[in-house]
Amino acid sequence: MANEEQDTIAHLLKVEEEAAELIVQAQEDSDKEIAAARAKADSDYNQKYESMAARMESDYNDNVAATQENHKKQLEEYKARIERTPKDVDAFNKLLEKIF
């Protein structure tokens, strides 16, 4: 009977050892899956971030170019308006004489 008890205890210890090995293996598999998912998520994030940053930089550059073009156009229109303005030299000279 002592032999049967020893066999039963040995069998139970072996089952417990196998269960512990299964738990360790499951934990390792879980860690691998989590690491793979994290790497994929990081990759997706970086890809989307780079895409968004490139789009925003392109929009910024387009806005800067449009603003510069608009500024140049307005400046040219202002200069043209100033050049078209008639000059009244006589009135200007009379004003200078009056001031001085």
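In this numbering scheme, every chain counts its residues from 1 along its sequence in written order. Note on the predicted model: pLDDT of at least 70 is required for a residue's local features to be given, and 80 or more for side-chain atom pairs to be given and counted; whole-chain, interface and lining totals, by contrast, use all residues. Heavy atoms throughout the structure, all of them, feed into the side-chain values; hydrogens and water do not.

**Student:** With reference to specific residues and values, describe the overall build of the protein.
**Tutor:** Helix and strand definitions follow DSSP, with helices as H or I runs of at least four residues and strands as E runs of at least two, each counted in order from the N terminus. Looking only at helices and strands, one finds 2 helices and 0 strands in the protein. Throughout, radius of gyration means the C-alpha value; the globule benchmark is 2.2 Å times the number of residues raised to the power 0.38. The globule rule puts the C-alpha radius of gyration for 100 residues at 13 Å, and the 42 Å found for the protein is more than 25% above it. Principal-axis analysis of the C-alpha atoms places the extent of the protein at approximately 135 × 25 × 10 Å. A buried classification covers 0% of the 100 residues belonging to the protein. Each accessible area value is a Shrake-Rupley result obtained with a 1.4 Å probe; residue values ignore everything except the protein chains displayed when judging cover. Taken as a whole, the protein presents about 9,800 Å² of accessible surface, with 57% of it coming from carbon and sulfur. The classification of residues rests on relative accessible area computed with a 1.4 Å probe and restricted to protein chains. Under 20% of the type maximum is buried, over 50% is exposed, and intermediate values are partly exposed.

**Student:** Which residues make up the pattern of salt bridges, and what values do they have?
**Tutor:** By definition, a salt bridge exists where a carboxyl oxygen of Asp or Glu is found within 4 Å of a side-chain nitrogen of Lys or Arg. Going through the model one piece at a time under the given rule, you end up with 1 salt bridge. One salt bridge connects K40 with D44, and the closest N-O pair in it is separated by 3.1 Å. On the criterion of helical spacing, the pair formed by K40 and D44 is a turn pair, its members being 4 residues apart in helix α1 (residues 2–84). In this structure K40 comes out as exposed when scored by relative accessible area, which is 52%.

**Student:** Account for a negative patch on the surface, with residues named and values stated.
**Tutor:** A grouping of E16, E17, E18 and E21 is seen on the molecular surface, where their side chains present a negatively charged patch. Mapping E21 onto the fold places it in helix α1. Here a patch means residues that are over 30% exposed by relative accessible area and free of salt bridges, tied together within 9 Å if like-charged and within 5 Å if nonpolar (Val, Leu, Ile, Met, Phe, Trp, Tyr). Charge convention: Lys and Arg are scored as positive, Asp and Glu as negative, and His as well as the terminal groups of each chain are ignored. Charge positions are represented by NZ for Lys, CZ for Arg, CG for Asp and CD for Glu.

**Student:** Hey, could you go over a nonpolar patch on the surface for me, with residue numbers and the actual values?
**Tutor:** Together, F92, L95, L96, I99 and F100 make up an exposed nonpolar region whose accessible area comes to about 570 Å². Structurally, L95 is set in helix α2 (residues 89–99).

**Student:** So what's going on with the environment of N61? Residues and values would help.
**Tutor:** Looking at the secondary structure, you find N61 in helix α1. The sequence separation of N61 and A19 amounts to 42 residues, and the corresponding C-alpha distance is 62 Å.

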